[in-house]
Amino acid sequence: QKEVEQDPGPLSVPEGAIVSLNCTYSNSAFQYFMWYRQYSRKGPELLMYTYSSGNKEDGRFTAQVDKSSKYISLFIRDSQPSDSATYLCAMSWRNNAGNMLTFGGGTRLMVKP
Amino acid sequence: SQTIHQWPATLVQPVGSPLSLECTVEGTSNPNLYWYRQAAGRGLQLLFYSVGIGQISSEVPQNLSASRPQDRQFILSSKKLLLSDSGFYLCAWRGSDYSPLHFGNGTRLTVT
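Nothing here was measured: the structure is a model prediction, and the numbers come from that model. (Residues numbered from 1 in each chain as written. Chains lettered and ligands numbered in written order. Predicted model: local features only at pLDDT ≥ 70, side-chain atom pairs only at ≥ 80, totals over all residues. Heavy atoms only, no water.)

### Regarding the overall build of chain B
Part 1: Of regular secondary structure, chain B possesses zero helices and eleven strands.
Part 2: Ordered by position from N to C terminus, the α and β elements of chain B give β-β-β-β-β-β-β-β-β-β-β.
Part 3: In summary, chain B has a C-alpha radius of gyration of 13 Å against a globular reference of 13 Å for 112 residues, a match within 12%.
Part 4: When its C-alpha atoms are laid out on the principal axes, chain B stretches across 40 × 25 × 20 Å.
Part 5: Put simply, of all contacts in chain B between residues at least 6 apart along the chain, 54% involve residues at least 24 apart.
Part 6: Surface exposure of chain B reaches about 5,200 Å², of which carbon and sulfur atoms provide 51%. (Helix = DSSP H or I, 4+ residues; strand = E, 2+ residues; numbered from the N terminus. Rg over C-alpha atoms; globule rule 2.2 N^0.38 Å. Contact = heavy atoms within 4.5 Å. Areas by Shrake-Rupley, 256 points an atom, 1.4 Å probe, with all protein chains shown as cover.)

Structure (structure tokens):
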């Protein structure tokens, strides 16, 4: 079992829809949670960074963390064709070597006009 | 503001040839630096990371090596490329262990 599970998709939605992207994890030591957006042939771009359980909102994006269920979500409101990309979740945890990062495999999102 | 530069954007190299990919970060000092590889349709694989000049940690034993000759410069190298070295190579930095990663735009390497 992978430490971080993320449905690869593709997820296809019509323009204007609310999108829900999710990751589950097994390591209760994860402390920090991130969402990245990656366009084709580009590097991942940081969208959201959060530490605590609950919601964090930034424009059309809302990140939700539920540590008790080991589940994080990214919601996109009023989705646009420009939101079509691969979304990666990432989680940070600490070991003797320092703070390590684990990435999900990414969910490919397609928003159709 | 901080920026990360990675070059070249694309590279086609024959099997057995050497490799040198360079990454530099501007606008910060003593960053943690990382090299990742992303195979088509697969996740990010951490190759190397560095917390300071000359300090390199390798996560995956393979045909590649990394060096950090200056505070904000990170180099990925190979003496002889293999076909399996093809992929999308990403450099990333963060200011501290508790900061998120920031990625460059990557180098697409094709070994023929």
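### Some points on the pairing of strand S8 (residues 73–78) of chain B
In the case of a regular strand, side chains alternate between the two sheet surfaces.
Residue and element names in this part refer to chain B.
Part 1: Within S8, five of the six residues are buried, which leaves it mostly tucked inside the rest of the structure.
Part 2: Pairing of strand S3 (residues 19–26) with S8 involves six bridges; the strand directions are antiparallel. Paired with Glu22 across the bridge in S8 is Ile75.
Part 3: Examined bridge by bridge, strand S7 (residues 65–70) and S8 share four bridges and lie antiparallel to one another. (Buried < 20%, exposed > 50% of the residue type's maximum accessible area, 1.4 Å probe, protein only. Pairing = 2+ DSSP bridges.)

### What about the packing of aromatic side chains?
Part 1: According to the stated counting rule, one finds 13 aromatic pairs over all chains in the structure shown.
Part 2: Judged by centre distance (5.8 Å) and plane angle (10 degrees), the ring pair of A:Tyr32 and A:Tyr49 falls under stacked. One end of the pair, A:Tyr32, is in strand S4 (residues 32–38); the other, A:Tyr49, is in strand S5 (residues 45–50), with 17 residues separating them in the sequence.
Part 3: Relative to B:Tyr98, the ring of A:Tyr32 has its centre 5.7 Å away and its plane inclined at 65 degrees; by these criteria the two rings are edge-to-face. A residue pair is termed interchain when its members come from two chains, as with A:Tyr32 in strand S4 and B:Tyr98 in the loop between strand S9 (87–94) and strand S10 (102–103).
Part 4: Here the aromatic cluster, defined as three or more aromatic residues joined through ring pairs, consists of A:Tyr36, A:Phe103, B:Tyr34, B:Tyr36, B:Tyr49 and B:Phe103.
Part 5: Directly above the ring of A:Tyr51 sits A:Lys67, whose terminal nitrogen or CZ lies 4.5 Å from the centroid.
Part 6: In this arrangement the basic side chain of B:Arg108 is found over the ring face of B:Phe88, its NZ or CZ atom lying 4.5 Å from the centre. (Phe/Tyr/Trp six-rings, centres within 6.5 Å; stacked < 30°, edge-to-face > 60°. Lys NZ or Arg CZ within 6 Å of the ring centre and 35° of its normal.)

### Considering the pairing of strand S5 (residues 44–52) of chain B
All names here are of chain B.
Part 1: With seven of its nine residues buried, S5 lies for the most part within the structure.
Part 2: Two elements, strand S4 (residues 32–38) and S5, share six bridges in a ladder whose sense is antiparallel. Residue pairing in the sheet places Trp35 in a bridge with Phe48 of S5.
Part 3: With three bridges connecting them, S5 and strand S6 (residues 55–58) associate as antiparallel partners. Bridging from a neighbouring strand, Tyr49 pairs with Ser57 of S6.
Part 4: Counted between consecutive antiparallel strands, the loop separating S5 from S6 contains two residues, among which Gly54 sits at a positive phi close to 75 degrees.

### Looking at the interface of chain A and chain B
Part 1: Between chain A and chain B, the contact holds 20 residues from the first and 19 residues from the second.
Part 2: The junction of chain A with chain B conceals about 1,600 Å² of combined surface from both sides, 55% of it contributed by carbon and sulfur atoms.
Part 3: Per-residue buried area on chain A facing chain B is highest for A:Arg41, A:Asn99 and A:Phe103; these three make up 26% of the total on that side.
Part 4: Among the elements of the structure, S4, S5, strand S9 (85–95) and strand S10 (98–103) of chain A are those that each provide at least two residues to the side of chain A that touches chain B.
Part 5: With five residues, S10(A) is the single largest residue contributor to the side of chain A that touches chain B.
Part 6: Of the residues in the side of chain A that touches chain B, the class split is eleven nonpolar, six polar and three charged. (Buried area = accessible area lost by both parts, 1.4 Å probe. Nonpolar A, V, L, I, M, F, W, Y, C, P; charged D, E, K, R; others polar.)

Functional significance is not addressed by these values, which are geometric in nature.
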